[in-house]
Amino acid sequence: MMTASDLLWLVGVPAMAAAVLAGVLLVLRGRGWSRRRLILTASLPLPSLGALLCVGLFVHAMLASPERCGVDACGMAMAFAMFGLVYAAGAFLLGAAAASIVYSLGRQ
């Protein structure tokens, strides 16, 4: 049986890697952009999509009726969404760091 932690590892780690890869590729392609615009554009889209999905899951679980939740399904869904938000924040920070490093290396 797959737990929420296993699912976060299967989804969260590839999302972080994709955010870093997207940041590096955008820095290599967007030569005429400013540093701030380049780093934010490189590191924001993928983590924001994941964060939006986690917020939607959290709100859906929060507004569910007690009959639909069962024993503690809504609590587990909300905990999963909170950990997903932490992974999204980590993906944003890793993507921004990678984009910043590649930007700095490209300027030298």
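Above this text you will find the structure in question.
For clarity, every value in this text was computed on a predicted model and none was experimentally measured. (Residues numbered from 1 in each chain as written. Predicted model: local features only at pLDDT ≥ 70, side-chain atom pairs only at ≥ 80, totals over all residues. Heavy atoms only, no water.)

Visitor: Would you take a moment to explain the overall build of the protein chain for this structure?
Guide: A count of helical and extended segments in the protein chain gives five helices and zero strands. When the elements of the protein chain are put in sequence order from the N terminus, they spell out α-α-α-α-α. Counting across all 108 residues of the protein chain, residues that qualify as buried make up 29%. A fraction of 73% describes how many contacts in the protein chain between residues 6 or more apart in sequence connect residues 24 or more apart. Surface accessibility of the protein chain: about 7,100 Å² in total, with carbon and sulfur atoms responsible for 74%. (Helix = DSSP H or I, 4+ residues; strand = E, 2+ residues; numbered from the N terminus. Buried < 20%, exposed > 50% of the residue type's maximum accessible area, 1.4 Å probe, protein only. Contact = heavy atoms within 4.5 Å. Areas by Shrake-Rupley, 256 points an atom, 1.4 Å probe, with all protein chains shown as cover.)

Visitor: Honestly, the nonpolar core in this entry has me stumped. Any pointers?
Guide: Generally speaking, soluble globular proteins have nonpolar side chains that are buried together. Membership of the largest hydrophobic core is limited to eight residues, which are Val-27, Leu-38, Ile-39, Ala-42, Ala-96, Ala-99, Val-102 and Tyr-103. With four residues, helix α5 (residues 73–107) is the largest single contributor of residues to this core. Of all hydrophobic cores here, the second largest spans five residues; its members include Ala-64, Cys-69, Cys-74 and Ala-77. (Core = buried A, V, L, I, M, F, W, Y, C linked by side-chain atoms within 4.5 Å.)

Visitor: Hey, could you run me through helix α2 (residues 35–43) in this one?
Guide: Spacing of three or four residues puts side chains on the same side of an α-helix, whose turn is 3.6 residues. Of all the residues in α2, the buried ones are Leu-38, Ile-39, Ala-42 and Ser-43. Axial view of α2: buried residues confined to an arc of 105°, hence all on one face. (Arc of directions from axis to C-beta.)

Visitor: Sorry if this is basic, but what is going on with a nonpolar patch on the surface here?
Guide: Together, Val-55, Val-59, Met-62 and Leu-63 make up an exposed nonpolar region whose accessible area comes to about 370 Å². Its place among the elements puts Val-59 in helix α3 (residues 45–62). The exposure class of Val-59 is partly exposed, given its relative accessible area of 35%. (Patch = residues over 30% accessible without salt bridge, like charges linked within 9 Å, V, L, I, M, F, W, Y side chains within 5 Å. Salt bridge = Lys/Arg side-chain N within 4 Å of Asp/Glu carboxyl O.)

Visitor: Help me understand the environment of Trp-9 in this model?
Guide: With respect to the secondary-structure elements, Trp-9 resides in helix α1 (residues 4–29). In this structure, the C-alpha to C-alpha distance between Trp-9 and Tyr-87, residues 78 residues apart in sequence, is 9.3 Å. When near neighbours in sequence (up to four residues on either side) are disregarded, Trp-9 contacts Pro-14 and Tyr-87.

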